[in-house]
Amino acid sequence: MSLPSTAVPEPAASRGDVRIAVQATGLVKTYGSGDAQVRALDGVSAEFAAGEFTAIMGPSGSGKSTFMHCLAGLDTLDGGAVTIGGTTITGMKDRKLTQLRRDRIGFIFQAFNLLPTLTAEQNILLPLSLAGRKPDPEWYARLIEVVGLKDRLGHRPSQLSGGQQQRVACARALVGKPEVVFADEPTGNLDSRSGAEVLGFLQKSVRELDQTVIMVTHDPAAASYADRVVFLADGRPAGELADPTAESVLDHLMRAGR
Ligand code: ADP
């Protein structure tokens, strides 16, 4: 599609050798008005490199969910802008935004949101079927292999464990080779073993399948699977950690709480 000649050039989608999957600049989001107004995001800027697994952490109410929803174009902003793969989504018309979310973004939520009457395979392929697309066969085969669902594809959700169901949801998020996958507390409904399986898969999808994952979590052990942790406090950036461990994340959170 051609842009009108007066259009402002899109921001660069790369910096040196680093491809930027998602860029947030000065995000502001307020809820309510008057005395009851809450500034959920108070000027948050961050860059998320392609091929990286980032965790977003912070105390309850620090703005994590709001941040993720704004990054994914699920919520509108009061200030600032978000670009995904160099396309500015802020201010985009609803229809175009819906299409962009469908074609270029994957979502994983705490609730698995699988359709109970469909098999695992039908659930995984559903977003593509709805878009009238077919999966790239090589990609699909690799994905099923990595997610470890090869012998479960004909099962319905009720015949799968919670961890397996969430792995189906992960495969569904990745089947269209999105530019970024947003995961909102993906292990919140799982026991620690199933949670570890899902996190291990998300990590593999980044390391072996070159995907980009941004995950909100409040669990330092979950964050330790990421390459980087971005911290929020009171709707503002509150530091970062590279190559996190559960201990270093906990330490950062405790220092911030002092
Ligand atoms: P977190 O995910 O870190 O727990 P949230 O993004 O959910 O934080 O919330 C950040 C702040 O914005 C909190 O003070 C919360 O109460 C407020 N908030 C979030 N969503 C809404 C909403 N829909 N209406 C009013 N206030 C909201």
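So, how was this worked out
Residues numbered from 1 in each chain as written. Predicted model: local features only at pLDDT ≥ 70, side-chain atom pairs only at ≥ 80, totals over all residues. Heavy atoms only, no water. Helix = DSSP H or I, 4+ residues; strand = E, 2+ residues; numbered from the N terminus. Buried < 20%, exposed > 50% of the residue type's maximum accessible area, 1.4 Å probe, protein only. Contact = heavy atoms within 4.5 Å. Axes fitted to C-alpha atoms, helices over the stretch in contact; angles between N-to-C directions. Parallel < 35°, antiparallel > 145°, perpendicular 65-115°, else oblique. Left-handed = near helix turned anticlockwise from the far one by under 90°. Nonpolar A, V, L, I, M, F, W, Y, C, P; charged D, E, K, R; others polar.

Draft legend 1. The arrangement of the side chain of Q211 in detail. The topology assignment puts Q211 in the loop between α6 (192-207) and β9 (213-216). With relative accessibility at 6%, the residue Q211 sits in the buried group. Excluding its chain neighbours within four sequence positions, the residues that come into contact with Q211 are G51, E52, W139, L174, K177, P178, S205 and V206.

Draft legend 2. A look at the packing of helix α3 (residues 120-130) against helix α5 (residues 162-174). Interhelical geometry of α3 versus α5 gives an angle of 30° and a closest axis separation of 7 Å. What the angle tells us is that α3 and α5 run roughly parallel. α5 is crossed by α3, and the crossing has right-handed handedness. For the pair α3 and α5, contact is made by A120, N123, I124 and P127 and by V168, A171 and R172, respectively. Tallied by class, residues from the contact of α3 with α5 come to 5 nonpolar, 1 polar and 1 charged.

Draft legend 3. Representation of helix α1 (residues 64-71) in the model. When you tally the buried positions in α1, you get 6 out of 8 residues, the bulk of the element. Residues K64, T66, F67, M68, C70 and L71 constitute the buried set of α1. Of the residues trailing α1, G73 is marked for its positive phi of about 70°.

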